[in-house]
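Chain by chain, the residues run as shown.
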Amino acid sequence: MHVVIVGGGIGGLTLAHGLLRQGISVEVYERDRFAGSRFEGYRIDIEEMGLRALHACLPPKGWAEILEVSYADDRMTFLTAQMKTLLTVDGSLLWPRNNPTGGHYGVDRPVLRRVLQSGLERVLHFDAEFVRYERGLDGRVTALFADGRRATGDILVGADGTTSRVGAQYLPGGELVDLGVTCVGVKLPLNNETRAWLPESLSNGVAIVNSDNTVFSFNAVFDPTTKGPGIESYILHAFSWDVEAEDGADPAGKDDAEVIAMVADRIASWHPIFRRILGESTLPITFQLRASKPRPPWKPSPVVLLGDALHAMPPTAGRGGNTALRDAHLLARELWAVATDRKNLVDAIGTYEVDVRSYSAETIAESVNNIRAYASYSPIRNCLNRAFLRTCSLIKPLRERVFAGPRGSGAMRPWENDQLPGTDYSKAA
Ligand SMILES: Cc1cc2nc3c(=O)[nH]c(=O)nc-3n(C[C@H](O)[C@H](O)[C@H](O)COP(=O)(O)OP(=O)(O)OC[C@H]3O[C@@H](n4cnc5c(N)ncnc54)[C@H](O)[C@@H]3O)c2cc1C
């Protein structure tokens, strides 16, 4: 059996590792001109579902490297815009590390992608822009690329992200819904100089700032113990707001200085530390929060979608990438059953799709609810929210009940307790 994957992002690359570990032939076709040819963004959060997928799919060297270059989050703090702490939740409650794949890590995206590419050199093809696919009479699928290349497999996996061409051809109508909230991310170097003036609550773990309007901010430290070429410590500060409620303030198409000025305007009443952060940060990135419209169930076939190609979601639960990793983990299991004649292709892909539809719908709903909780500002709701967080801070059993993780769609599915069936982990260790 041969699998063709379109898209060498975090989902596609992890799937490729999982298949190779189980002896299944695979090739990945990626549009990027070469490794590291485009700006990939900042820190990404990886939680238990993603960690389990990486542990199962990556060779031991890759898994060890992921942990080495990651930053283990130790707390989550909720703050007001005036820098008053409402609640600090310990990482051991939120993200227990009671097994090797527990915890919650921040990983720098370019570093993560570099680690995921390592070991795939023979099967990963860059500068391969997928255009469309054809189904053969023998049931096989051929992917066609912009430069005339063709690649035929028994299965074609579309792991080509939010603007998936595989998805557009296979399941048209799965467009993205604009959630009306915009986000600007900036990066502040974390070094002795900035540590000297940064408050403790912003220089460890993750912090969420809830203000008196629709603007909210997510702050996340990236400070791995292992530094190396291209690995530097920083804090990601993301400022988001409801565009309509904020007089149509939309950073799209504006230059860096205009974007920074727009954020500065929105946070003018916040504690001065936030304006200093903004002033000393580099490289604003802007994006609209969007989510995939759910598709009605479809009949399984040798064309399969994975990750954002199937279920894009806003980053407000930090789970889009984790869900892509979870998909890769599950699909690698199911394709092994096909490769070893334990299941027919339609049953295996059907099992994958039923589970993915269920957990991704749950995760999208959580991400969208989180936006509503922060960006749909109402003074009453804000007051209640703060009172609730303060109460959690005072009453330990309530705090434990509300925050003990992994929660919601992050809870493990039964199959996630297993390793990949086709891998001999004792040999690989
Ligand atoms: C600002 C921001 C912060 C986020 N933070 C988090 C977080 O903390 N935790 C989390 O879990 N998720 C987070 N996410 C979501 C996460 O980034 C995505 O869900 C994740 O990258 C999806 O992985 P993927 O492999 O499906 O797609 P991608 O990572 O987008 O990879 C798709 C790949 O396909 C390639 N491609 C596209 N079109 C073609 C084509 N025609 N031919 C060939 N190749 C093609 C692309 O170049 C790309 O490499 C965040 C998203 C954003 C925007």
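What counts and what doesn't
Residues numbered from 1 in each chain as written. Predicted model: local features only at pLDDT ≥ 70, side-chain atom pairs only at ≥ 80, totals over all residues. Heavy atoms only, no water. Helix = DSSP H or I, 4+ residues; strand = E, 2+ residues; numbered from the N terminus. Rg over C-alpha atoms; globule rule 2.2 N^0.38 Å. Contact = heavy atoms within 4.5 Å. Areas by Shrake-Rupley, 256 points an atom, 1.4 Å probe, with all protein chains shown as cover. Lys, Arg positive; Asp, Glu negative; His and termini not counted. Charge placed at Lys NZ, Arg CZ, Asp CG, Glu CD. 1 Å grid on protein atoms, 1.4 Å probe; cavity = no way out; pocket = protein on both sides within 12 Å on 5 of 7 lines; lining within 4 Å. Points joined across faces, edges and corners; volume = space filled by probe spheres on them. Nonpolar A, V, L, I, M, F, W, Y, C, P; charged D, E, K, R; others polar. Core = buried A, V, L, I, M, F, W, Y, C linked by side-chain atoms within 4.5 Å. Buried < 20%, exposed > 50% of the residue type's maximum accessible area, 1.4 Å probe, protein only. Near = heavy atom within 4 Å. Polar contact = N/O pair within 3.5 Å; in protein donor to acceptor, adjacent residues only side chain to side chain. Pairing = 2+ DSSP bridges. Axes fitted to C-alpha atoms, helices over the stretch in contact; angles between N-to-C directions. Parallel < 35°, antiparallel > 145°, perpendicular 65-115°, else oblique. Left-handed = near helix turned anticlockwise from the far one by under 90°.

A few points about the overall build of the protein chain
Moving on, step 1. The secondary structure content of the protein chain amounts to 15 helices and 18 strands.
Moving on, step 2. At 22 Å, the protein chain has a C-alpha radius of gyration in line with the 22 Å of a compact globule built from 429 residues.
Moving on, step 3. Residue pairs at least 24 apart in sequence account for 74% of intrachain contacts in the protein chain once pairs closer than 6 positions are excluded.
Moving on, step 4. With the model as given, the accessible surface of the protein chain reaches about 18200 Å², and the carbon-plus-sulfur share is 52%.
Moving on, step 5. The centroid of the 47 positive side-chain charges in the protein chain is displaced by 3 Å from the centroid of its 51 negative side-chain charges.

As for empty space enclosed by the protein
Moving on, step 1. Enumeration according to the criterion identifies one cavity of 30 Å³ or more in this entry.
Moving on, step 2. Approximately 50 Å³ is the volume attributed to the largest cavity.
Moving on, step 3. What lines the largest cavity is simply N210, A373, Y374, S376, Y377, S378, R381, N382 and N385.
Moving on, step 4. Where the lining of the largest cavity is concerned, the elements lending two or more residues are helix 12 (345-375) and helix 13 (379-394).
Moving on, step 5. Within the lining of the largest cavity, the residues separate by chemical class into three nonpolar, five polar and one charged.

Brief notes about the nonpolar core
Moving on, step 1. V3, I5, L15, L156 and F274 are the most contacted members of the largest nonpolar core, which has 100 residues in total.
Moving on, step 2. Among the elements that take part in this core, helix 11 (residues 320-339) stands out by supplying seven residues, more than any other.
Moving on, step 3. If we skip the residues at most four places from it in the chain, F274 touches A81, M83, L202, V209, F239 and I267.
Moving on, step 4. Residues L87, L289, I364 and L389 belong to the second largest nonpolar core, which totals 27 residues.

Some details on the site of the ligand
Moving on, step 1. Taken together, 31 residues lie near the ligand, and E30, D45, R109, D308 and N322 sit nearest.
Moving on, step 2. The backbone of R31 places a nitrogen or oxygen atom 3.1 Å from a nitrogen atom of the ligand.
Moving on, step 3. For the ligand, an oxygen atom lies 3.3 Å from a polar atom in the backbone of G320.
Moving on, step 4. Relative to its free-state accessible area of 1000 Å², the ligand is covered by the protein chains to the extent of 85%.
Moving on, step 5. Among the secondary structure elements, those contributing two or more residues to the shell around the ligand are helix 1 (10-21), strand 3 (43-46), helix 5 (109-117) and helix 11.
Moving on, step 6. Among the elements that take part in the shell around the ligand, helix 11 stands out by supplying four residues, more than any other.
Moving on, step 7. Across the shell around the ligand, the residue classes break down as 10 nonpolar, 10 polar and 11 charged.

A few points about the sheet that holds strand 12 (residues 155-158)
Moving on, step 1. Reading across from one edge, 8-2-1-12-18 is the order of the five strands in this open sheet, with parallel pairing throughout. Of all strands in the sheet, those with a lone pairing partner are strand 8 (124-125) and strand 18 (303-305), marking the two edges.
Moving on, step 2. Running over the sheet, helix 12 touches strand 12 and strand 18 and is turned about 15° from strand 18.

Some remarks on the pairing of strand 5 (residues 75-80)
Moving on, step 1. The buried fraction of strand 5 is high, at six of six residues.
Moving on, step 2. Of the two faces of strand 5, the one lined by R75, T77 and L79 and the one lined by M76, F78 and T80 are each fully buried.
Moving on, step 3. Where strand 5 lies against strand 6 (residues 85-90), five bridges are found, and the strand directions are antiparallel. Paired with R75 across the bridge in strand 6 is D90.
Moving on, step 4. In this antiparallel pair of consecutive strands, strand 5 and strand 6, the connection spans four residues, and M83 shows a positive phi of 70°.
Moving on, step 5. Relative to strand 14 (residues 206-210), strand 5 runs parallel, the two sharing five bridges. Residue pairing for strand 14: M76 is matched across the bridge by V206.

Focus: the sheet that holds strand 13 (residues 176-189)
Moving on, step 1. One open sheet holds the seven strands; their spatial order is 6-5-14-15-16-13-17, and the pairing between them is mixed. The open sheet terminates on both sides in strands that have one partner only, identified here as strand 6 and strand 17 (282-292). Here the strands of the sheet are splayed against their neighbours by 20° on average, with no regard to which way each runs.
Moving on, step 2. Alignment of strand 13 against strand 17, held across eight bridges, turns out to be antiparallel. Within strand 17, the position partnered with T182 by the bridge is Q288.
Moving on, step 3. Those strands touched by helix 9 (residues 272-280) are strand 13, strand 14, strand 16 (234-242) and strand 17, and its axis lies near 80° from that of strand 13.
Moving on, step 4. Sheet contacts for helix 12: strand 5, strand 13, strand 14, strand 15 (216-222), strand 16 and strand 17; angle to strand 13, the most-contacted strand, approximately 75°.

Details of the packing of helix 1 against helix 5
The axes of two packed helices give the description: the angle between them and the distance between them.
Moving on, step 1. Where helix 1 meets helix 5, the axes come as close as 9 Å, and the angle between the chain directions of the two elements is 25°. Considered as vectors, helix 1 and helix 5 are oriented roughly parallel to each other. When the axes of helix 1 and helix 5 are compared, the crossing they make is left-handed. Of the residues in helix 5, those touching helix 1 at I10, L13, T14 and H17 are L112, R113, L116 and Q117.
Moving on, step 2. The residue makeup of the contact of helix 1 with helix 5, split by class, is four nonpolar, three polar and one charged.

Let's talk about the packing of helix 2 (residues 48-57) against helix 11
Moving on, step 1. The interhelical angle for the contact between helix 2 and helix 11, taken along N-to-C directions, is 40°, at an axis separation of 8 Å. As judged from the angle between their axes, helix 2 and helix 11 are oblique. Two packed elements cross with a definite hand, and for helix 2 against helix 11 that hand is left-handed. Here M49, G50, R52, A53, L54, A56 and C57 of helix 2 come into contact with helix 11, specifically with N322, T323, L325, R326 and H329.
Moving on, step 2. Partitioning the contact of helix 2 with helix 11 into residue classes produces six nonpolar, four polar and two charged.

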